[in-house]
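# Inside the fold
Here are the chains, one letter per residue:
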Amino acid sequence: LDRFRIEVEAGEYIAPEKATFESFAEKWVEKKLFNKNGKPYSYKASEKHSGHLHNHILPAFGHKQIDKIKTLHVVDFIDDLSKDGARKDGKPGGLGDRTILDVFQTLQAMFKTATEEWKLIKDNPMEGLSQPHVEPKEMQYFQTDEAEECIRVLYEIDIKWRLYFLGAMIGGLRRGEGLAFQWHLDVDWDRGGFYVNRSISKTVNGQPLVKAPKSRSSKRFVKMPDFYMEDLAKYYRMWKKEKLMLGDAWEGEDNQYIFHSGTGKPYYYTTPTAKWAKIKKKYGLKNIRLHDLRHTMVALLIEAGENMSAIQKRAGHASRRITSDIYGHVTEKLENETAQYFDQFNPNLKAKSN
């Protein structure tokens, strides 16, 4: 009785006659994704879970009574996600491995709440199910000649976007890290680089969501080459003149975002991705993602034989192992080349030559 009273007062009790999966899902979203003030605990998690619920989970399970959902129903549902017609964007084929895993984990978290926390059902239909396998994707990046061609192209576009994309390819900056840069907070002219202390991963109601970078190790100083800093200084002079000319039209308040949309506000968080897609198409560059510019920096430094600890710190990885694991195909190539170096000492080859 005490537990029942607590559940009712906490808003966690769902009457048996209303215990459809949809009614449970509404309560789960309210309690697990948002705080008492109606703000999400995590915008990224809230958006991901809500999207999977709306697009895939509720159409399949929403009308069912939650205690009638069995393990086989879940197995069939996950299997159907890989089949043609599962996508909601109209494109052929099923969902990707990573998306299927995300849907699985959303459903897993929901049933864990229903059984272990709220005691809404006795048995968890996902108990014992293995997570869907995600096939690791080979890293994409520019080779040396492709990187040189990309830099040549970037010197044909607006200086602001040139500096932004060079920051990704030479500095290994993530999309949101570059967007969050401010002149007075993050540029160190004496040391010649940037302090990475913040990131803009979302734009909510027209306002940038500024938060700490991806992890503790992501906070770092990134030294840039002299030619970049010279261009940055040139752009800074242009930036100050533009701000002065805007006068009352300046919308950045006390912020000094380096990369802003024209009136002082930082770009919408997906704008760099769209801009990069247009540049690739216009100039015929290799079709790699914006994030692959960051991979390019790491891969080229590894292939150049640079110190792994230094690369790890520049990329903002927590350890050298993470760096080597992520770029395993690059390090494997180097290991093969290193071993081949000793072929010249092969005694059999020496004997044949004699």
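Notes on the structure follow. Model, not experiment: these values are computed from the prediction. (Residues numbered from 1 in each chain as written. Predicted model: local features only at pLDDT ≥ 70, side-chain atom pairs only at ≥ 80, totals over all residues. Heavy atoms only, no water.)

### Quick look at the environment of Arg191
- Inspection of the secondary structure puts Arg191 in the loop between β1 (187-188) and β2 (193-196).
- Owing to a relative accessible area of 44%, Arg191 belongs among the partly exposed residues under this scheme.
- Taking the C-alpha atoms as reference points, Arg191 and Lys223, 32 residues apart in sequence, are found 7.1 Å from one another.
- When residues no more than four places from it in sequence are discounted, the contact partners of Arg191 are Phe221 and Lys223. (Helix = DSSP H or I, 4+ residues; strand = E, 2+ residues; numbered from the N terminus. Buried < 20%, exposed > 50% of the residue type's maximum accessible area, 1.4 Å probe, protein only. Contact = heavy atoms within 4.5 Å.)

### Brief notes about the pattern of salt bridges
- Under the definition given, this model contains 15 salt bridges.
- Linking Asp89 and Arg87 is a salt bridge whose minimum nitrogen-to-oxygen distance equals 2.6 Å.
- Taking the relative accessible area as the measure of exposure, Arg87 reaches 27% and is therefore partly exposed.
- Across the pair Arg289 and Asp292 runs a salt bridge, and its minimum N-O distance is 3.1 Å.
- Looking at Asp292, the relative accessible area reads 3%, which means it is buried.
- Through salt bridges with shared partners, a single ionic network connects Asp79, Asp80 and Lys83. (Salt bridge = Lys/Arg side-chain N within 4 Å of Asp/Glu carboxyl O.)

### Quick look at the side chain of Lys202
- Here Lys202 lies in strand β3 (residues 199-204).
- Once residues within four sequence positions are removed from consideration, Lys202 is found in contact with Tyr43, Glu47, Gln207, Pro208, Leu209 and Tyr269.

### Some thoughts on helix α11 (residues 271-283)
- With 13 residues, α11 ought to run about 18 Å at 1.5 Å a step, and its terminal C-alpha atoms sit 19 Å apart, in line with that.
- Of all the residues in α11, the buried ones are Pro272, Trp276, Ile279 and Lys280. Buried residues of α11, seen end-on, are gathered within an arc of 100 degrees and therefore sit on one face of the element. Turned more than 90 degrees from where α11 packs its buried face, Lys278, Lys281 and Lys282 sit exposed.
- Looking at the packing, one finds that the buried side of α11 touches α6 (144-154), α7 (159-171), α8 (175-179) and α12 (291-303).
- One or two steps after α11, the chain reaches Gly284, where phi turns positive at roughly 65 degrees. (Expected span 1.5 Å × (residues − 1). Arc of directions from axis to C-beta.)

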